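Read off the chains here:
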Amino acid sequence: MNDISKLIQGKNLSELDIKILHYIIENIDDVLERGVREIAKDNFTSPSTIIRLSKKMGYTGFIDLYYQLLPMVKKTDDHLADNDEDFLSISQEDFFKENSREDIKQFVQQVLHLKQKYIFIYATGFSAIAAEYLYKKLLVLGKKTVIATGTDSIGVFENNLEDIGAFIVISKSGETQQVIDKLLVAKDQGIFTITFTKETTNRAAELSDLNFKINDNNKLDDRNMLPNSFFPRLLMLVEFIFKTYLEELQKKTANK
């Protein structure tokens with residue numbers, strides 16, 4: 001079930017690098033004890049190859065790579081092991097373990113209070129379904145909004161750069177190259193960027209001005225084959241943001 005296609009995107013890994021990465025993931029429970037030399041021996045290569053792989057992945061060395069992979073792989077996060085009650089519950093802790101009310105207030109200020117410019121939403125795959133929901137919620141609130149997905153022409157985004165006031169990305173992995181490319185363009189244009197991603201380190205989160213982290217129970221399941229409450233949590237967070245915004249409007253109206 002482990003799909004590392006998003007994890008290795010843009011890393012220029014060789015076939016041997018990918019083979020070693022799979023080996024590390026499949027043996028995550030004892031690979032740290034085995035150490036670089038034994039990993040190299042089992043894969044018929046040298047310890048320096050393991051170190052180079054770690055650096056290609058953006059880490060300082062093998063131990064750094066291991067600790068970044070660990071939370072993505074650990075079976076304790078697998079919802080297949082949860083009972084029905086745990087799987088169906090979404091607690092307040094889910095929202096505020098990684099995010100803050102200040103993050104939500106910043107979203108309201110930077111996005112929902114835009115007057116002249118557009119909100120632009122971008123997502124691909126399953127994330128595009130959630131993006132469509134956010135898009136329609138914004139429309140019914142009277143917000144000028146544009147949406148694009150992986151099937152749309154790049155021109156939909158590039159031809160509207162001057163009119164974009166906020167750029168929102170939904171990406172479960174945070175590693176989709178199409179997403180990264182557009183975030184880099186938006187950043188270069190000085191557009192305020194917001195991302196909704198999984199809670200562990202990813203490029204999209206690091207590039208954005210504001211990142212909302214959502215617990216992803218199966219972090220190496222980019223095809224979304226396994227049961228996962230990532231998208232329900234995402235939609236609940238979106239609803240809470242709008243709740244905060246509407247309460248703010250009500251208070252302003254009451255004080256007039």
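Here, the structure is the one placed above.
Residues numbered from 1 in each chain as written. Predicted model: local features only at pLDDT ≥ 70, side-chain atom pairs only at ≥ 80, totals over all residues. Heavy atoms only, no water.

Peer 1: So what exactly am I meant to see when it comes to the pattern of salt bridges here?
Peer 2: By the definition in use, this model includes 11 salt bridges. Between Glu132 and Lys136 there is a salt bridge whose closest N-O contact spans 3.7 Å. Placement of the pair is Glu132 and Lys136 together in helix H8 (residues 125–140), with a separation of four residues, close to one helical turn. Accessibility expressed as a relative area gives 32% for Glu132, which makes it partly exposed. The exposure class of Lys136 is partly exposed, given its relative accessible area of 49%. (Salt bridge = Lys/Arg side-chain N within 4 Å of Asp/Glu carboxyl O. Helix = DSSP H or I, 4+ residues; strand = E, 2+ residues; numbered from the N terminus. Buried < 20%, exposed > 50% of the residue type's maximum accessible area, 1.4 Å probe, protein only.)

Peer 1: What should I look at first to understand helix H1 (residues 15–26) in this one?
Peer 2: Residues that lie three or four places apart on an α-helix share one face, since the helix turns once every 3.6 residues. With 12 residues, H1 should reach 16 Å at 1.5 Å per residue; the first-to-last C-alpha distance of 17 Å fits that figure. Within the span of H1, buried status applies to Asp17, Ile20, Leu21, Tyr23, Ile24 and Ile25. (Expected span 1.5 Å × (residues − 1).)

Peer 1: Got a minute to help me understand the sheet that holds strand E4 (residues 192–198) in this structure?
Peer 2: A sheet is described by the order of its strands in space; here five strands give the open sequence E2-E1-E3-E4-E5, paired in parallel fashion. Of all the strands in the sheet, the pair left with one neighbour each is strand E2 (145–149) and strand E5 (210–214). Averaged over neighbouring strand pairs, the angle between their axes works out to 15° when direction is ignored. Both E4 and E5 contribute to a ladder of five bridges, which runs parallel. Across the sheet, Thr197 pairs through a bridge with Lys213, a residue of E5. The strands touched by helix H12 (residues 230–254) are strand E3 (164–170), E4 and E5; relative to E5, the strand with the most contacts, the crossing angle is about 130°. (Pairing = 2+ DSSP bridges. Axes fitted to C-alpha atoms, helices over the stretch in contact; angles between N-to-C directions. Contact = heavy atoms within 4.5 Å.)

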